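# Fold and contact review
Now for the letters of each chain:
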Amino acid sequence: MPPESLQPARPYRGVPQDERRAQRRAQLIGAAVAVYGERGYRLSTVKAVCEAAGLTERYFYESFANSEELLIASFNAVTYSVLGEITEAAHQAGRSRVARARAMLHTYFAALQREPRSARVFLVEIRGVSRAVDKAFDGALRAIGEQVGRLVVPPGVPADPLLEAGIVGGVIHIALRWIEDGYTPDIEIVTDSALRLGMVLGRAPARGTAAA
């Protein structure tokens, strides 16, 4: 008989072990988003997250080595969910690059306004927690920049990762100022301001620009 670790996991009430583990992980991520939003990441404990998830700490360590891993997983869950929203908004806006860019920005700012506590955690508090967390943050910004570039840059204009990074960073700084100012001015004004920056991606490089 093979060792226990190599035997197929037995289903519990018809649910395979891997599926149950994935469900518990999702519960912890959802609870973390809520707890971090209410208390802030630095004031949130593993115990508090587990209580909110309805799980014991044993199940926390089944999925995560420490709080930083859960923070990264929570950040990615929120960020890539919003990325999906803005991508869908761009597709719904039609073929106009300006309409697409505006739809993406408006959807992004609307998401921040809809979940202000999570916005503060995952934009303000997250930086400087650790090198691993900063790396996850920067990786998400790179993915967002690439996706925005694919949807906004016109055919024939080469991708410019540095410009994408600069524009995404600029939009985030607009968002940070907006958050600090209590979500004023109106979202339409903020969207239009960010759009002026975002449309730089749609411009062809100036003649004489050195190719990489």
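For the structure given in this document, a descriptive report is provided here.

Before going further, it helps to spend a moment on the overall build of the chain. When helices and strands are tallied, the chain shows nine helices and zero strands. Counted from the first residue to the last, the chain has its helices and strands arranged as α-α-α-α-α-α-α-α-α. Counting across all 212 residues of the chain, residues that qualify as buried make up 40%. Excluding contacts between residues fewer than 6 apart, the proportion of contacts in the chain whose partners are at least 24 apart in sequence is 69%. If you sum the accessible surface of the chain, you get close to 12700 Å²; carbon and sulfur atoms cover 54% of it.

Here we come to the nonpolar core. In a soluble, globular protein the nonpolar side chains are often hidden away together inside. If you look at the biggest cluster of nonpolar residues, it comprises 59 residues, and the most contacted ones within it are Tyr 36, Tyr 108 and Phe 109. Of all the secondary structure elements, the ones that give two or more residues to this core are helix H1 (17–39), helix H2 (46–53), helix H4 (67–92), helix H5 (97–114), helix H6 (116–125), helix H7 (131–152), helix H8 (161–180) and helix H9 (187–198). If one sorts the elements of this core by residue count, H4 sits on top with eight residues. Ignoring anything within four residues of it in the chain, the contact list for Tyr 108 reads Val 82, Ile 86, Leu 123, Val 171, Ile 172 and Ala 175.

This part covers the side chain of Thr 191. Within the element layout of this structure, Thr 191 appears in helix H9. Once residues within four sequence positions are removed from consideration, Thr 191 is found in contact with Arg 102, Leu 105, His 106 and Phe 109.

Glancing now at H9. For H9, which comprises twelve residues, the first-to-last C-alpha distance of 16 Å matches the rise-based estimate of 16 Å (1.5 Å per residue) to within 8%. What H9 keeps buried is the set Ile 187, Val 190, Thr 191, Ala 194, Leu 195 and Gly 198. Buried residues along H9 cover an arc of 140 degrees about the axis, so they all sit on one side. Buried residues in H9 make contact with H5 and H8. For H9, the capping residue at the N-terminal end is Asp 186, with a side-chain oxygen 2.9 Å from the backbone nitrogen of Glu 188.

A word on the pattern of salt bridges. Applying the stated criterion across every chain yields a total of nine salt bridges. The salt bridge partner of Arg 102 is Asp 192, with a shortest N-O separation of 3.0 Å. Of this pair, Arg 102 sits in helix H5 while Asp 192 sits in helix H9, placing them 90 residues apart in sequence. Among the ionic pairs, Asp 138 bridges to Arg 127, the shortest N-O distance being 3.5 Å. Of the two residues, Asp 138 is situated in helix H7 and Arg 127 in the loop between H6 and H7; the sequence distance between them amounts to eleven residues. Owing to a relative accessible area of 37%, Arg 127 belongs among the partly exposed residues under this scheme. One continuous salt-bridge network, built from bridges that share partners, spans Asp 18, Arg 21, Arg 24 and Glu 62.

The next point concerns the environment of Ile 126. With respect to the secondary-structure elements, Ile 126 resides in the loop between H6 and H7. On the basis of relative accessibility, which here comes to 2%, the residue Ile 126 falls in the buried class. If we skip the residues at most four places from it in the chain, Ile 126 touches Leu 71, Phe 75, Val 121, Val 133, Asp 134 and Phe 137.

Within a pair of aromatic rings, the relevant descriptors are the distance that separates the centres and the angle that separates the planes. In total, this model carries eight aromatic pairs according to the counting rule given. Their ring planes at 55 degrees and their centres at 5.5 Å tell us that Tyr 108 and Phe 109 sit as a pair that is tilted. You'll find Tyr 108 and Phe 109 in the same group, each marked buried. By way of ring pairs, the aromatic residues Tyr 108, Phe 109, Trp 178 and Tyr 183 are connected into one cluster.

Basis of the calculations
- Residues numbered from 1 in each chain as written.
- Predicted model: local features only at pLDDT ≥ 70, side-chain atom pairs only at ≥ 80, totals over all residues.
- Heavy atoms only, no water.
- Helix = DSSP H or I, 4+ residues; strand = E, 2+ residues; numbered from the N terminus.
- Buried < 20%, exposed > 50% of the residue type's maximum accessible area, 1.4 Å probe, protein only.
- Contact = heavy atoms within 4.5 Å.
- Areas by Shrake-Rupley, 256 points an atom, 1.4 Å probe, with all protein chains shown as cover.
- Core = buried A, V, L, I, M, F, W, Y, C linked by side-chain atoms within 4.5 Å.
- Expected span 1.5 Å × (residues − 1).
- Arc of directions from axis to C-beta.
- Polar contact = N/O pair within 3.5 Å; in protein donor to acceptor, adjacent residues only side chain to side chain.
- Salt bridge = Lys/Arg side-chain N within 4 Å of Asp/Glu carboxyl O.
- Phe/Tyr/Trp six-rings, centres within 6.5 Å; stacked < 30°, edge-to-face > 60°.

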